[in-house]
Amino acid sequence: MDMVRAHVYIRGRVQGVFFRQSMREVATRHGVKGWVRNRSDGRTVEAVLEGPRDAVEKVLQWARVGPPGARVEDLEVRWEEYRGEFQDFKILPTE
């Protein structure tokens with residue numbers, strides 16, 4: 001199984017629309033581990049996703065649209081070396 005890690009920045013109307021909570025639900029459903037948080041700029045959500053490539057890709061596909069009320073303008077993905085450091089998927093405080 002091809003395990004991957006994606007560091008993601010999602011920009012647009014993505015704060016105040018339950019993006020983080022929804023991403024946690026989607027990631028958990030697909031067995032993806034990592035974290036998500038708001039960035040202090042008010043327009044960006046940042047996440048790290050780890051898991052099987054197909055599962056991470058499904059979460060990324062969802063993130064291109066997001067939950068109802070979101071308007072994703074840009075999704076930047078930086079592929080990194082898989083580390084296997086997460087036990088679950090968490091919402092972290094705003095950075």
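The structure contained in this document is the topic of the report that follows. (Residues numbered from 1 in each chain as written. Predicted model: local features only at pLDDT ≥ 70, side-chain atom pairs only at ≥ 80, totals over all residues. Heavy atoms only, no water.)

1. Description of the overall build of the protein
Each helix and strand counted, the protein has two helices and five strands in total. The secondary structure elements of the protein, listed N-terminal to C-terminal, are β-α-β-β-α-β-β. Projected onto its principal axes, the C-alpha positions of the protein cover 35 × 25 × 20 Å. Relative to its full complement of 95 residues, the protein shows a buried share of 45%. Nonlocal contacts in the protein, meaning residues at least 24 apart in sequence, comprise 79% of its contacts between residues at least 6 apart. Surface summary for the protein: the accessible area is close to 5,300 Å², and the carbon and sulfur share equals 45%. (Helix = DSSP H or I, 4+ residues; strand = E, 2+ residues; numbered from the N terminus. Buried < 20%, exposed > 50% of the residue type's maximum accessible area, 1.4 Å probe, protein only. Contact = heavy atoms within 4.5 Å. Areas by Shrake-Rupley, 256 points an atom, 1.4 Å probe, with all protein chains shown as cover.)

2. So, the environment of Thr94
Along the chain, the position of Thr94 falls in the segment after β5 (89–91). Once the C-alpha coordinates of Thr94 and Asn38 are considered, the two residues, 56 residues apart in sequence, prove to be 4.8 Å apart. For Thr94, the contacting residues outside a window of four places in its chain are Asn38, Arg39 and Ser40.

3. As for the pairing of strand β3 (residues 44–52)
Burial within β3 is extensive, with nine of its nine residues counted as buried. In terms of strand pairing, strand β1 (residues 3–13) meets β3 through nine bridges, oriented antiparallel. When the bridges of β3 are listed, Arg5 appears paired with Glu50. With six bridges joining them, strand β2 (residues 33–38) and β3 adopt antiparallel strand pairing. Residue Gly34 lies in a different strand from β3, and its bridge partner there is Leu49. Hairpin connection between β2 and β3: a loop of five residues separates the two successive antiparallel strands, and Gly42 in this loop has a positive phi of roughly 80°. (Pairing = 2+ DSSP bridges.)

4. Focus on the nonpolar core
General note: in soluble globular proteins, nonpolar side chains tend to be found buried as a group. Residues Ile10, Phe19, Met23 and Leu49 are the most contacted members of the largest nonpolar core, which totals 24 residues. Contributions of two or more residues to this core are made by β1, α1 (19–29), β3 and α2 (53–63). The leading source of residues in this core is α2, at six residues. Leave out the neighbours within four places in its chain, and Met23 touches Ile10, Val36, Ala47, Leu49, Val59, Trp62, Ala63 and Phe89. (Core = buried A, V, L, I, M, F, W, Y, C linked by side-chain atoms within 4.5 Å.)

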